Amino acid sequence: VQSQMAQVAGALAIARALRRTLELPSLWCSCDRTFMVAWNCSYWPSSLKRPFRCPLDHAFNLPNWEARKLPYRESGFLDHERVAEAVRQSQ
């Protein structure tokens, strides 16, 4: 995840410089994360296969991003059915 985080940081800097909103890529994790300690990076009983697509808050402090008003959208945002066609075309 560390290399993915560095790539996202670079992409976010470019998006800010261009005054654009970054649609984040899917993140792939090899360890599950929660408030409990995980044994061998997963929780029993779990059928989680690794690597897996993990939520953004596994890698990033999203409340901090929101407070700093960083311009981002979650992975797949432009594919969502509720996104207006004008927004999709503006990419």
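Below is a summary of the structure that appears in this document.

What counts, and where the lines are drawn
Along each chain, residue indices are assigned from 1 in the same order as the chain's sequence is written. Only residues with pLDDT of 70 or above have their local features reported here, since the model is predicted, and side-chain atom pairs are shown and tallied only from 80 upward, although totals for entire chains, interfaces and linings are computed over all residues. Excluding hydrogens and water, the side-chain values take into account all heavy atoms of the structure. The numbering of helices and of strands both runs from the N terminus, where a helix is a DSSP run of H or I of at least 4 residues and a strand a run of E of at least 2. Each residue is assigned to one of three classes by its accessible area relative to the maximum for its type, calculated with a 1.4 Å probe on protein chains only: buried under 20%, partly exposed between the two thresholds, exposed over 50%. Take the residue count of a helix, subtract one, and multiply by 1.5 Å to get its expected span. Throughout, the arc means the angular range of directions from the helix axis out to the C-beta atoms. Throughout, a contact is declared for two residues whenever any of their heavy atoms are within 4.5 Å.

**What about unusual backbone geometry?**
1) Next: One non-glycine residue, Arg19, lies in the positive phi region at around 55°.
2) Next: Secondary-structure assignment places Arg19 in the loop between helix H1 (2-17) and strand E1 (22-23).
3) Next: Residue Arg19 is classed as exposed on the basis of its relative accessible area of 80%.
4) Next: Despite not being glycine, Lys69 shows a phi value in the positive range, around 55°.
5) Next: The topology assignment puts Lys69 in the loop between helix H2 (62-67) and strand E4 (72-73).
6) Next: A residue is classified by how much of its surface remains accessible, and Lys69, at 71% relative accessible area, is exposed.

**Quick notes on H1**
1) Next: Between its first and last C-alpha, H1 extends 23 Å over 16 residues, near the 22 Å set by a 1.5 Å rise per residue.
2) Next: Those residues of H1 that fall on the buried side of the exposure criterion are Gln4, Val8, Leu12 and Ala15. All buried residues of H1 project into a common sector of 75° when viewed along the axis, lining one side. In this structure, H1 carries Gln2, Ser3, Ala6, Gln7, Ile14 and Ala17 as exposed residues pointing more than 90 degrees from its buried face.
3) Next: Residues of H1 that are buried in the fold lie against E1, strand E2 (27-29) and H2.

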